[in-house]
Structure formats: C-alpha cells, structure tokens
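Chain by chain, the residues run as shown.
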Amino acid sequence: MNFKTILCWCMIASLFMDDFIIMRFMLPIDLYVYYVFFIINILYFIFTKRTLNLLPKWFFLSISLLIGVTVFVSLSAGIFNFKVIKQIIGIVFTSVAYYTYLSIEEFNIKEVFRKYLIAAFLVSAYGIFEELLHLQGIHISSNIRQSSFGLYRVYSIMGEPYFLAVVLIPAFYFLWSALYKQGIISEFKTRLIFVFTIGTCYILTFSSAGFIGLALIIIFWLYNKKFFSITNWKILMLPILIIVFASLFSSVKNSWKEFNIKTTQTFKAFTAKKFSKKDVSDLNSSSFALYSNYIVAKASFDAKPLTGSGLGTHEANYLKRFEQFFDKSFLTKYGAFNASDANSLFIRLMSETGLLGLGMFFLFLFKNFLRRKGYQDSELKELTFINQGIFIWFIVRLVRTGNYFGNGFFLFFFLYYFSAKIVKEKLKEKKKAIKQI
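Keep in mind the model is a prediction, meaning the values are calculated, not measured.

A. Layout of the overall build of the protein. Counting its secondary structure elements, the protein contains 17 helices and 2 strands. At 22 Å, the protein has a C-alpha radius of gyration in line with the 22 Å of a compact globule built from 437 residues. Over its C-alpha atoms, taken along the principal directions, the protein stretches across nearly 70 × 55 × 50 Å. Out of the 437 residues in the protein, the part that is buried amounts to 49%. The contacts of the protein with a sequence gap of at least 6 include a subset with a gap of at least 24, amounting to 72%. When the accessible area of the protein is evaluated, it comes to approximately 20900 Å², of which 66% is carbon and sulfur surface. Positive and negative side-chain charges in the protein, numbering 48 and 24 respectively, have mean positions lying 8 Å apart.

Given below as structure tokens:
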C-alpha cells in the first residue's frame, strides 16, 4: 500500500472522526485529528499536480461572494470576531481539502464512494459489536444511553448517535437501492452483508433525524420503482403502502417515548398560533433548541433579509435576542443549546446568509438533483443512486444540523455535484450519438 492510497483512506476516515479531537477543551477551537490529514492532502496535491487551483471556479466565486458579504455586514454591525473568522477559515479549509482529495482520486466518484461504503461498513460493524457488549453488561465506552426498547443507542466511534445516523444515510440508501445491481460492490453476498450491517447500525442509533432519513429512503425507493407514477399500475398499491407505513409510524411513535415526545412537542411548537411561556417551559431540550433557534433566526432574517448577519454570527444573534422572546430563566434551564450551529442548516442559513445564501444553496441543490436521470442506464444507475442518497442527506441536515463543514460536508457536497455533472454529460453524449446515427 503506497502513500497515496493510505492518504485517500485517511480522507475517507475523516467522515467518521468527529470525536477525535486534539487537546479537547484546552483550545479556543476544536482541533480535529483529521485536520492533519487535510493539510497533508493539500500539500500532496500541490506538489504532485503542480498547481494552486485548489477549488473549481464556480465554487470559488460563490464562496468569495458569501465571505465578502459576511465581512461587510459583520463589520458594519460590530460583530466581526474570532467566531466569524473561524467559520470562514473552516469552510475554505475543508472545501479545499475535499476538492483536492477528489482531484487526487481523478474524480473517480465510484471509487471514492466504494471506499466510503467500506468505511461505513467497518464503523457499523463496530457499532453492532458495541451493542452486543452493552447487552452483556460490558461497557467499553462512557457513552451509555438506553432507548425505550431496552436496547442501547449506538455511537460506534462517533460523538453522537445522530452524527452516526446521518453520515450513514448515503451508504444505506445506495446499498438498499443497488442491492441487485452488480457494480461498485461486485458480489451480491457482500452487498447483502453490507446493507444488513449498515442498516442495523443505522436503526440502533435511535436517532429521530435518522428515522426522518429512513422515511425519505423508503419514499425515494418507491419513487424509483414508479409507485408515484400515474401511468404505472403500481400507483394502485400506494394507498395500501401509505396505510401500512402510517400504522408502523404510529406503532413506533407510541412505543418509543423519546421519539413521541420530540415529534409531538416540536410539531406543536411550530404550528401553534399562540405559544405561551408555560408551553415553552414544557418543551424537551431538543424541541426547545430547534424552536428557540428558529425564533431568533427569523428575527435576524427580518432585520437583514437579503444578506443575513454573516457567517458565524448566529450564536451572537441568539445570545443578543434570546430575552426578546424567552424568559431569562429558560437560558439557565436549557443553556444556549445548539446556538453555535442553529440546530438546523436551513435555520442557520436563514439567520447568517439571508435570501442570498438560501437562494444559492437551493439553486445548487435542485440544479444538481438528478431525480431519475440515469436510472434506466446501467452505466449511470449507480451515480444516480449516489446523487439521490446525498440529496436525502442534504434534506436531513437542513432539518437537524447547521454545521457547515463537519462530518465530511464538502466531500458529499462535491460528490453530489460531480455525480450530477457526469450523468448529465454522458446522457447528452449518448443522445447526440443517437441523433448522428
């Protein structure tokens, strides 16, 4: 195994290393171990490719615009500080690291995704092993949280079950969709073992956001099978499937106390016409985090709807505006829970980047969404599954986490873009070739 191969595997491993921090709590930033991989990767790219083109032009111009606006509005408001600088550096550093990694891999999307699938399998297998030890009363880590089902929530090597669930979404969706498709993972038996292991670990995280992802995985699988097509007989089965899934959801909701509380209280908070202080005080911490961050972000958006307050400023907005909407005692009770990332990518973009950032993000998201393009082409089908799986991953992150660069954000970002680009170009070439015949 040569240096390049080791480096590439280290870059893939970084997706699962959110809990590997050097000198934790001793520095003003979280210094992740994988930052070392990133620096080595970037230097390797510069010396082997002999170029300083570290980002594609379209991305460089877009991110430069957001950074320029951030500097201007935060300086104008007097809130330009270390946290703003940290976000700017983090976004640039991680995007450069993952783009140069893909370049080192010659933009072989399938090969990169194959490595990710193998890493996801190993992390999931360890998670299941950890669960089996927990059930025997053997706890090899301090992360011990039981679910309502008598099982333990799986962390594997990661810091939170939620992070584990989300990072597994593209892998689980791909393996489920491509189970009978020989390609990235050639052996059917291997694909079966992979999907069972990753799927089991995914469910054992008992993450509410993970179950949102699971619902979307099922919906997209049905979409690919044309259950939503009015020209296909399968649509007649849709009402039955809806009843079955609704019954399953109701059963899970009723038997899983934590999930029931979270979904019920969150829905109530966002749909109630009037929400009193008493209602707020009854919220669980997760629902309060999402609701309070949304209320503060909306106020920030209303103040600067076009630009927001700038990257890295939501936490300052939260602390500044909190008492406008909530009793000070809530801050003592809950703390500034998830104020650093707004608990949601959508909420954070709304607060920090306004219509500019939201517009750019959703333009990117839907412009590069393949839907079923390439699904009928055996050569392109797997790239379509990769694209769809990452689309689901984006949706879950929009709902539940606002970190701009954690857990391989920009690796999935660029995989999403290039999978769409390759499929569209190949389909265009084939269409052109057919016309010439």
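B. Fine view of the side chain of S14. Tracing the chain through its elements places S14 in the loop between α1 (3-13) and β1 (21-22). Classification of S14 by relative accessible area gives buried; the value is 1%. In terms of polar contacts, S14 uses its side chain to reach the backbone carbonyl oxygen of M11, at 2.4 Å. Residues contacting S14, with those up to four places away along its chain left out, are Y34, F38 and Y98.

C. Summary view of the packing of aromatic side chains. The final tally for this structure, using the stated rule, is 64 aromatic pairs. The cationic tip of K115 hangs over the ring face of W9; the distance from NZ or CZ to the ring centre is 5.8 Å. Over the ring of Y375 we find K381, and its NZ or CZ is 4.4 Å from the ring centre.

D. Main features of the pattern of salt bridges. Inspection of the entire model under this criterion finds 11 salt bridges. Ionic pairing is found between E105 and K115, a salt bridge with its closest N-O pair at 3.2 Å. Residue E105 is found in the loop between α4 (82-104) and α5 (109-135), and its partner K115 is found in helix α5; the two are separated by 10 residues along the sequence. The two residues E105 and K115 agree in class, both being buried. What emerges from the salt-bridge pattern is a single network uniting E105, E111, R114 and K115.

E. Structural view of helix α16 (residues 381-400). With 20 residues, α16 extends 29 Å from end C-alpha to end C-alpha; this agrees with the ideal 28 Å at 1.5 Å per step. Among the 20 residues in α16, 17 count as buried, and that is most of the element.

F. Just the layout of surface pockets, in detail. Empty space within the largest pocket amounts to approximately 1100 Å³. D30, Y32, K86, N403 and F405 are the residues nearest the centre of the largest pocket, which is lined by 40 residues in total. At the level of secondary structure, the elements contributing two or more residues to the lining of the largest pocket comprise α2 (34-49), α4, α13 (314-325) and α15 (345-367). At 8 residues, the largest contribution of residues to the lining of the largest pocket is made by α4. Partitioning the lining of the largest pocket into residue classes produces 17 nonpolar, 12 polar and 11 charged.

G. Representation of the state of the cysteines. Tallied over the full model, the rule gives 0 disulfides. Here C8 is not cross-linked by a disulfide; its sulfur's nearest cysteine counterpart is in C10, at 9.2 Å.

H. Fine view of the environment of T266. With respect to the secondary-structure elements, T266 resides in helix α10 (residues 257-271). Taking the C-alpha atoms as reference, T266 lies 20 Å from A165; in sequence the two are 101 residues apart. Beyond its immediate sequence surroundings of up to four residues, T266 is in contact with I261, S287 and L290.

What counts as what
Residues numbered from 1 in each chain as written. Predicted model: local features only at pLDDT ≥ 70, side-chain atom pairs only at ≥ 80, totals over all residues. Heavy atoms only, no water. Helix = DSSP H or I, 4+ residues; strand = E, 2+ residues; numbered from the N terminus. Rg over C-alpha atoms; globule rule 2.2 N^0.38 Å. Buried < 20%, exposed > 50% of the residue type's maximum accessible area, 1.4 Å probe, protein only. Contact = heavy atoms within 4.5 Å. Areas by Shrake-Rupley, 256 points an atom, 1.4 Å probe, with all protein chains shown as cover. Lys, Arg positive; Asp, Glu negative; His and termini not counted. Charge placed at Lys NZ, Arg CZ, Asp CG, Glu CD. Polar contact = N/O pair within 3.5 Å; in protein donor to acceptor, adjacent residues only side chain to side chain. Phe/Tyr/Trp six-rings, centres within 6.5 Å; stacked < 30°, edge-to-face > 60°. Lys NZ or Arg CZ within 6 Å of the ring centre and 35° of its normal. Salt bridge = Lys/Arg side-chain N within 4 Å of Asp/Glu carboxyl O. Expected span 1.5 Å × (residues − 1). 1 Å grid on protein atoms, 1.4 Å probe; cavity = no way out; pocket = protein on both sides within 12 Å on 5 of 7 lines; lining within 4 Å. Points joined across faces, edges and corners; volume = space filled by probe spheres on them. Nonpolar A, V, L, I, M, F, W, Y, C, P; charged D, E, K, R; others polar. Disulfide = S-S within 2.5 Å.

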